[in-house]
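A closer look at the structure
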Amino acid sequence: MKDNQLKLYFRFLSFFKPFLPQLIVGLIFYASEGITYTYMLSVFQIQIIDSITTGTAGNLLPIILRLLISASVFLTISCTGLYILFYCISKVDCYIKGEILHSISSQKKPIEHSADYITKFTNDTSLMLSLMWNTSSLLRMLVGGFGGVLLLSMIDWRLMVIAIIIGIISLLAQTVCAKYLKPIAKHIQADANNVHRRFMDIIDGAVVIRMFNISELKMKQFTDEANTLYNSWIISNKINTFRLGFASIEKWVESVGMIGIGFLFMTKWELSISELIIIPMLTQPIITCLTSFGNFVANIQPGLAGARRVYEAIDEPSENLKEDYPNLELYDEKAVLKIENVHYSYEKEYPILNGINLEANSGEFIGIVGASGSGKTTLLKLLLGIISPDEGHITICNQDIENVSLNSRRAQFAYVSQETLLFDDTLQQNIFVGKMDSLDSEINQAAYDAGLNSFIENIGGLNQPVGEKGSKLSGGQRQRIAIARALVRKAPILLLDEATSALDAETEFQILDTFINMPKRPIILFITHRLSAIKNADKICVLDNGCIKETGTHSDLIKQGGIYARLWSAQKPTDSLKMSKLVNLQG
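Residues numbered from 1 in each chain as written. Predicted model: local features only at pLDDT ≥ 70, side-chain atom pairs only at ≥ 80, totals over all residues. Heavy atoms only, no water.

1. Considerations on the overall build of the chain
Of regular secondary structure, the chain possesses 18 helices and 10 strands. In the chain, which comprises 587 residues, the share counted as buried stands at 45%. Counting contacts in the chain only where the partners sit at least 6 residues apart, residues at least 24 apart contribute 77% of the total. As displayed, the chain offers around 30,300 Å² of accessible surface, 60% of which is attributable to carbon and sulfur atoms. (Helix = DSSP H or I, 4+ residues; strand = E, 2+ residues; numbered from the N terminus. Buried < 20%, exposed > 50% of the residue type's maximum accessible area, 1.4 Å probe, protein only. Contact = heavy atoms within 4.5 Å. Areas by Shrake-Rupley, 256 points an atom, 1.4 Å probe, with all protein chains shown as cover.)

2. Comments concerning helix α17 (residues 563-571)
If you check which residues of α17 are buried, you get Tyr564, Ala565 and Trp568. Relative to the axis of α17, the buried residues are bounded by an arc of 100° and lie together on one face. Turned more than 90 degrees away from the buried face of α17 sit Arg566 and Ala570, all of them exposed. (Arc of directions from axis to C-beta.)

3. Quick notes on the nonpolar core
Among the nonpolar cores identified, the biggest contains 45 residues, and Ile431, Leu452 and Phe515 are the most heavily contacted of them. At 7 residues, helix α14 (residues 475-489) tops the list of elements feeding residues into this core. Among all residues touching leucine 452, those that are not within four sequence positions of it are Ile431, Ala447, Gln477, Arg480, Ile481 and Ala484. Residues Ala335, Ile387, Ile401 and Phe413 belong to the second largest nonpolar core, which totals 32 residues. (Core = buried A, V, L, I, M, F, W, Y, C linked by side-chain atoms within 4.5 Å.)

4. Here we look at the sheet that holds strand β7 (residues 493-497)
Read across the sheet, 6 strands follow the order β6-β7-β8-β3-β9-β10 without closing on themselves; strand pairing throughout is mixed. Either end of the sheet is taken by a strand with one partner, and the two such strands are β6 (413-416) and β10 (547-552). Neighbour-to-neighbour, the strand axes of the sheet open up by a mean angle of 20°, direction not taken into account. Running at roughly 150° to β7, helix α9 (residues 376-384) makes contact with β3 (365-370), β6, β7, β8 (523-527) and β9 (539-544) of the sheet. (Pairing = 2+ DSSP bridges. Axes fitted to C-alpha atoms, helices over the stretch in contact; angles between N-to-C directions.)

5. What to know about the pairing of β9
Most of β9 sits inside the fold, with 5 of its 6 residues counted as buried. Summarising the sheet, β3 and β9 pair through 5 bridges and their orientation is parallel. Across the sheet, residue glycine 370 finds its bridge partner in β9, namely leucine 543. Direction of pairing for β9 relative to β10: antiparallel, over a ladder of 5 bridges. What sits directly across from valine 542, in β10, is glutamate 550. In textbook terms, the turn of a hairpin is the stretch between consecutive antiparallel strands, and for β9 and β10 this stretch comprises 2 residues, one of which, asparagine 545, has a positive phi near 55°.

6. Examining the confidence of the model for the chain
For the chain, per-residue confidence averages 79 on the pLDDT scale, and residues scoring 70 or more make up 78% of the total. Within the chain, the lowest mean pLDDT, 45, falls on helix α18 (residues 576-579), and the highest, 93, falls on β9. Low confidence marks residues 573-587, where pLDDT is under 50. Its contacts with residues over four positions away, or in another chain, come to 32 contacts. (pLDDT = per-residue confidence, 0-100.)

7. Focus: the environment of isoleucine 184
Among the structural elements, isoleucine 184 can be located in helix α5 (residues 157-204). Under the relative-accessibility criterion, isoleucine 184 is labelled buried at 13%. The sequence separation of isoleucine 184 and tryptophan 233 amounts to 49 residues, and the corresponding C-alpha distance is 8.1 Å. Residue contacts for isoleucine 184: discarding those within four places in its chain leaves Ser232, Ile235, Ser236 and Ile239.

8. Remarks on a negative patch on the surface
Taken together, the side chains of Asp201, Asp204, Asp424, Asp425 and Glu468 define an acidic patch exposed on the protein surface. Among the structural elements, aspartate 204 can be located in helix α5. (Patch = residues over 30% accessible without salt bridge, like charges linked within 9 Å, V, L, I, M, F, W, Y side chains within 5 Å. Salt bridge = Lys/Arg side-chain N within 4 Å of Asp/Glu carboxyl O. Lys, Arg positive; Asp, Glu negative; His and termini not counted. Charge placed at Lys NZ, Arg CZ, Asp CG, Glu CD.)

9. Section: helix α12 (residues 440-449)
Every buried residue of α12 is listed here: Glu442, Ile443, Ala446 and Ala447. Seen end-on, α12 carries its buried residues on one side only, within an arc spanning 135°. Facing away from the buried surface of α12 by more than 90 degrees, the exposed residues are Asp440 and Tyr448. Looking at the buried side of α12, the elements it contacts are α11 (427-432), α13 (453-459) and α14. After α12 finishes, the residue glycine 451 shows a positive phi value of roughly 75°.

10. Structural notes on unusual backbone geometry
The backbone of asparagine 398 shows a phi angle near 65°, a positive value even though the residue is not glycine. Inspection of the secondary structure assignment puts asparagine 398 in the loop between β4 (391-396) and β5 (399-400). The phi dihedral of asparagine 545 is positive, around 55°, even though this residue is not glycine. Topologically, asparagine 545 is positioned in the loop between β9 and β10.

11. Some remarks on the sheet that holds strand β1 (residues 336-347)
Strand order across the open sheet formed by 4 strands is β2-β1-β4-β5, with antiparallel pairing between neighbours. Of all the strands in the sheet, the pair left with one neighbour each is β2 (350-361) and β5. Summarising the sheet, β1 and β2 pair through 8 bridges and their orientation is antiparallel. Looking at β2, one finds that glutamate 347 is bridged to tyrosine 350.

12. Brief notes about the pairing of β3
Burial of β3 is extensive: 6 of the 6 residues sit out of reach of the surface. Burial along β3 is two-sided: Phe365, Gly367 and Val369 and Ile366, Ile368 and Gly370, pointing in opposite directions, are all buried. Bridge count for β3 against β8 is 4 bridges, and the pairing is parallel. Residue isoleucine 368 lies in a different strand from β8, and its bridge partner there is isoleucine 527.

13. Observations regarding the packing of aromatic side chains
Summed over all chains, the structure comprises 8 aromatic pairs. Between tyrosine 9 and phenylalanine 10, the ring centres sit 5.6 Å apart and the planes meet at 65°, which makes this aromatic pair edge-to-face. Here the aromatic cluster, defined as three or more aromatic residues joined through ring pairs, consists of Phe15, Tyr95 and Tyr311. The aromatic ring of tyrosine 311 is capped on one face by arginine 11, whose charged end is 4.1 Å from the ring centroid. Cation over ring: lysine 97 sits above phenylalanine 121, and NZ or CZ is 5.4 Å from the ring centre. (Phe/Tyr/Trp six-rings, centres within 6.5 Å; stacked < 30°, edge-to-face > 60°. Lys NZ or Arg CZ within 6 Å of the ring centre and 35° of its normal.)

Encoded structure:
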C-alpha cells in the first residue's frame, strides 16, 4: 500500500483506540482458530492414520473423542472472539456515523447534495468497517501460516522452503490484480453516489416530474448513471473472477505438486505415509498466508475508497462556536440592535451588501423589502452567525456579536425561514425544539397564537405525527408550526423571512395581530414581498443592490414616490382594508 493508503488505514484503526483491550482479546481469540485448526487436524490425522496402518484401530475412539473435545473448546474461543469483534465494530460504526451527523449539523458549507451524505452515512461506512474484517482475516491467515511453517519444518525444512516459494509466486499474482482494482473501487463509489443522487431527485421531485411529464427524462438520467455503475462493476468483477479463478487453479496445482514432491521425498528420505498425506494440509496455510497479503491489498480497496469519502464528510470545516468567548447578555431584557456600515460578498467581485446601517429598539416592528437577490436573507444570515461581515459591526446592547459565544448570540433570536423545515416527529415536539425547557402551557399558547388551535382539534391533539418534512400537512400548516416554534422561544429579536407567504390573508392578519399585541414585544425584522403585511410597521427599509435606499413609515415612503411607492402600486393590495384594522404600531 502507498503512503496515502496507509494513512487512511491507520486512521481507521485509530477509531478502535477506546476499545483496544477488547479488540486485542477478540483478535487473539478469533485468530487462534488458524493455528489450532491446522495443528489439531494434522496431529490427529497422523494419529488416526498411524493407528490404522499399525493395526491399533482400537485407539481410534479415544483419539476421535479428544479431537471433538479440543474442537469444541477452540470453536468456543473462536466464536467468543468473533462476538467481541462484532461488539467493537458496532461501537465504531455508531461513533463514525455520529461524527458524520455532527459534521453535517455544524459545517460551514451548505449541503448541496443530500444523496452524497446518505451514501457516505450508509454504504461508505459499511465498506469502511469491512477493513477490520479483512484485517482480522489476514491475522488469522498469518497465525495459520506460522503454524504450517512450524509443523512442516518439523517434517522436513526443505518442504517448508518449497511451500514458501510457491506462496511468494502466488502473492505476486494477487498484487498485480490489486493494482488494477484500486482505481476501479474509486470509480464504483463515485458512480454509486451519482445513482443515489438521481434516486433522491426522483423521490423529492415526484410531483414536479408528473406535472411536467418528464418521467422519461428523469428515468433516462437514472438509467444512464446506473449503467455507468454497472460497467464499473463488470470491470471489477472481471478482475476478481480472474484473481479468484487463478487462486482456485493454483490450489489444485499446489496440492498435487506437493504430493508429488512428497513421494519424491519418500523415495530418497524417510517420510511416513501419514506425513505424506498431511503435507498438502500443512502447505496450504503457508501459501494462503502469503497470498493473503495480496488478497488483503485487493480486498481493502473498496474499504479505503469508502474511508476516503467518510473522512471527506468528517473533515468538512465546522463553524466556530467561540465557546471560549464571553456570553452575550441583555440588560433589563430589552434588546437594542445596531447594524453599522456592514459589507458582505460571497465573492469579492460580486458584493451583496454595501454599507448597511440599521438600528432597532425593543418592541419595534421593522419591515424589510426589496427585489429578489437584493440581500435581505443575507442580512439575516449575518445576524444569526451563519456568515460573518467583511466590514462593519453588528451589536446587541453595545456588544459586538462577533465577539461573543455563538450559542449565546443565537439565543437572542427566534427565526422563521423561507423554507419551513419540520422534523419527522409529533406536532408538539416540532414546537418544543424552539425552547427545550418550555412548559405544556407555553406550547399550547404558542400554537394558539400561530392560529393552530382549530387544526389541532381536528387532528386529535398535539401528539399527532407530522410526517417526513411535514409531509402530512399543507404548506400553510407547516408555516404556522414554524411560527409557533419561534413564538415559544420568547427571544428578544424575532426574524421572519417570508414567514407568512403560504398563509391566506385572514390567517396572516391574525398572526400579525398576535405579533403586534405581544405583552413583551421583541424587535421584529420582517422580510416580505407582500407589502400589505408591513403597512403599519414602525419602519420600513427598502433594500436595492445591497444598499438601504429608502427608510420610513408606509405613508412617508408613499409620499416620496420612490421604489417602495412603485412596488406598492404594482401590487395593488386587495387586503389593505383588513390590514388597517390592526392596531397601529405607532399608536
